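Topology and contacts: notes
Each chain is listed here by its residues.
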Amino acid sequence: MDEMKITLGKTDLQIAPMGIGAWSWGDSLIWQFGKGYGEDDVRRAIETSVAGGIDFFDTAEVYGFGRSEKFLARFLRAPRAVIATKCFPFPWRLSATRLLPALRGSLKRLGLARVDLYQMHWAFPPVALESWMRAMEDARDAGLIRAVGVSNYSAEQTRRAHRELARRNIPLASNQVKYSLLSRGIEYNGVMDACRELGVTIIAYSPIEMGLLSGKYTPENPPPGLRAQRYSRALLARIQPLIATLREIGNARGKTPAQVALNWTMCKNTVPIPGAKNARQAQENVGALGWRLTADEIAALDEISERVHQNAPH
Ligand SMILES: NC(=O)c1ccc[n+]([C@@H]2O[C@H](COP(=O)([O-])OP(=O)(O)OC[C@H]3O[C@@H](n4cnc5c(N)ncnc54)[C@H](OP(=O)(O)O)[C@@H]3O)[C@@H](O)[C@H]2O)c1
C-alpha cells in the first residue's frame with residue numbers, strides 16, 4: 001500500500017489516512033459479540049486490515065471490559081502499527097491519580113510497555129479536564145505514552161486541554177468525535193474549526209453510522225439489538241435518499257456505499273476508524289483507501305446529507 005501517511009496532530013506519529021476501531025471486539029452489549037462473529041473473525045479482521053494498509057488501531061479499556069485490548073495483543077502482528085486506547089473518567093475515579101493505574105491496566109492487557117496515543121474518553125466530571133491532562137503529561141514523562149488525545153470534547157474543552165498541555169510543550173494530538181454523513185454536528189458546534197485552528201487531528205468515530213451507511217439496514221430490516229432503539233424505522237426511511245446517492249456514486253466507481261461514506265470523511269480531513277466484525281467488512285472498508293471523491297461528488301453528498309442528517313441546525 002503506497003497510501004500517503006498523515007501525521008496525528010503536531011506529533012511524530014504517522015498513520016494511513018484511515019484506521020480501524022476495536023469497540024465490537026469482545027463487546028456483547030451493543031455489538032453482540034459471540035452472535036454471528038467471534039474470536040476467529042476478530043483475528044481475521046485484524047489480519048485483513050493490516051494486509052490492506054491499516055496501521056492505526058483504536059481501542060479503550062471499556063471495550064468488552066478489556067477484551068478488545070486483549071484481542072489486539074493476541075492478534076495484531078504489525079510492529080510499526082500505532083495503537084490508541086482510552087481512559088474512562090468513571091465517576092468513582094475521584095482524582096486524576098487514577099489515570100496511572102488505568103493506564104497500567106491497559107498496557108498489561110495490550111502487552112505493551114508504552115502506548116502510542118492515550119485518550120481521555122469523555123470530559124465527564126468530577127475531575128477537571130486540566131487535572132487529567134496533567135496526569136497525561138506525567139504518564140508521557142514516565143515513558144508510558146507517546147502522545148495525548150481526547151475524545152468527545154467540545155470546542156471549548158478542546159481549547160482548554162490544548163492550553164494545559166501547551167504549558168509543558170506537549171501537543172494535543174487528536175480529538176475523537178462522532179462524524180459521518182449522518183452526524184455532522186462538529187461542523188456546526190465549533191469542534192471542527194477549533195481542531196483545525198489548533199492543529200489537532202479529528203478522529204471520526206462511527207463513520208459508517210454504526211453500519212447504517214452501508215445501506216444494509218432499512219425500515220424492513222432494522223439493525224439488531226440496542227441499535228434499533230437509537231435508529232428508528234422512521235429514521236431509516238428518511239435516510240434512503242442518502243443511501244441511494246451513496247450507491248449511485250459508488251456504482252460509477254466500482255465502490256460500495258460504505259466505501260464512499262468513509263472516503264467522504266477523509267475528504268473532510270478527518271481520520272475515520274470504522275469498526276469491522278470480520279474479514280469481509282475489514283476488506284470492504286480498506287477499499288475506501290487509495291482514491292478520492294471529486295469536488296462535485298462531495299458537494300452532492302453534502303447536499304443530500306444535510307437534508308436528512310440528525311444534527312444539522314436546520
Ligand atoms: N470515543 C468514543 O466515544 C467512541 C464511540 C463510538 C465509537 N468509537 C470508536 O469508533 C469505532 C467505529 O465506530 P462504531 O463501531 O461505533 O461504528 P461504525 O464504524 O460506523 O460501524 C461499525 C459497524 O458497522 C457494521 N459494518 C462495518 N463495516 C461494514 C461494511 N463494510 N458493510 C456492512 N456493515 C459494516 C458492523 O456492524 P454490523 O455488521 O452489526 O451492522 C460494524 O460493527 C469504534 O470501534 C471505536 O473504536 C469511539
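Computed from a predicted structure; not experimentally measured.

It is worth spelling out helix H12 (residues 279-286) at this point. Here H12 has its buried residues at Gln-281, Ala-282, Glu-284, Asn-285 and Val-286. Check the buried side of H12 and you find it contacts helix H1 (39-51) and helix H11 (257-267).

The subject of this paragraph is the sheet that holds strand S6 (residues 115-120). Taken together, eight strands build an open sheet; the order of strands is S3-S4-S5-S6-S7-S8-S9-S10 and the sheet is parallel. One side of each edge strand has no neighbouring strand; the edge strands of this open sheet are strand S3 (20-21) and strand S10 (270-272). Pairing of strand S4 (residues 56-58) with strand S5 (residues 82-87) involves three bridges; the strand directions are parallel. Across the sheet, residue Phe-57 finds its bridge partner in S5, namely Ile-83. In the packing of helix H3 (residues 99-110) onto the sheet, contacts are made with S5 and S6, and the angle to S5 comes to roughly 140°. Against the sheet, helix H5 (residues 155-166) touches strand S7 (145-151) and strand S8 (172-178), its axis set at about 165° to S8.

Taking 1.5 Å as the rise per residue, helix H13 (residues 295-308) with 14 residues should run 20 Å; its terminal C-alpha atoms sit 20 Å apart, in good agreement. Those residues of H13 not exposed but buried are Glu-297, Leu-301 and Ser-305. One side of H13 carries all its buried residues, which in axial view fall inside an arc of 55°. Every exposed residue of H13 that faces more than 90 degrees away from the buried side is listed here: Ala-295, Asp-296, Ala-299 and Glu-303. The secondary structure elements touched by the buried residues of H13 are helix H10 (240-253) and H11.

Turning our eyes to something else, we now look at the site of the ligand. What surrounds the ligand is a group of 29 residues, the closest being Gly-21, Trp-23, Tyr-205, Gly-211 and Gly-275. For the shell around the ligand, the residue count by class is 12 nonpolar, 12 polar and five charged.

Right, let's get into the environment of Ala-45. With respect to the helices and strands, the residue Ala-45 is situated in helix H1. Residue classification places Ala-45 among the buried positions, given that 28 C-beta atoms sit within 10 Å. Sequence separation of Ala-45 and Leu-172 is 127 residues, and the distance between their C-alpha atoms is 30 Å. Residues in contact with Ala-45, not counting those within four places in the same chain, are Ala-276, Lys-277, Asn-278, Ala-279, Gln-281 and Ala-282.

Look at H10 against H11: their axes get within 8 Å of each other, and the N-to-C directions meet at 95°. With respect to H11, the element H10 is oriented roughly perpendicular. Counted together, Ile-243, Leu-246, Arg-247, Ile-249 and Gly-250 of H10 and Pro-257, Gln-259, Val-260 and Ala-261 of H11 form the full contact between these two elements.

Judged by how many residues are buried, S8 sits mostly within the fold: six of seven residues are covered. Bridge count between S7 and S8: four bridges; the pairing is parallel. Paired with Ser-151 across the two strands is Gln-176, which belongs to S8. The handedness of the S7 to S8 crossover, carried by H5, is right-handed. The pairing of S8 with strand S9 (residues 201-205) spans five bridges and is classified as parallel. What sits directly across from Val-177, in S9, is Ala-204.

Tracing the backbone through its elements, the reader meets Trp-31 in the loop between S3 and H1. Residues contacting Trp-31, with those up to four places away along its chain left out, are Trp-23 and Ser-24.

What follows concerns unusual backbone geometry. A cis amide bond, omega 10°, links Pro-125 with the succeeding residue Pro-126. Positionally, Pro-126 belongs in the loop between S6 and helix H4 (129-141). Notably, Asn-169 is not glycine yet its phi reads approximately 60°, a positive angle. Residue position: Asn-169 is located in the loop between H5 and S8. We classify Asn-169 as exposed; it has 7 C-beta atoms within 10 Å.

The rules we used
- Residues numbered from 1 in each chain as written.
- Predicted model: local features only at pLDDT ≥ 70, side-chain atom pairs only at ≥ 80, totals over all residues.
- Buried ≥ 20, exposed ≤ 12 C-beta atoms within 10 Å, placed from the backbone.
- Helix = DSSP H or I, 4+ residues; strand = E, 2+ residues; numbered from the N terminus.
- Contact = placed C-beta atoms within 7 Å.
- Pairing = 2+ DSSP bridges.
- Axes fitted to C-alpha atoms, helices over the stretch in contact; angles between N-to-C directions.
- Expected span 1.5 Å × (residues − 1).
- Arc of directions from axis to C-beta.
- Near = placed C-beta within 6 Å.
- Nonpolar A, V, L, I, M, F, W, Y, C, P; charged D, E, K, R; others polar.
- Parallel < 35°, antiparallel > 145°, perpendicular 65-115°, else oblique.
- Right-handed = clockwise from strand over helix to strand, strands pointing away.

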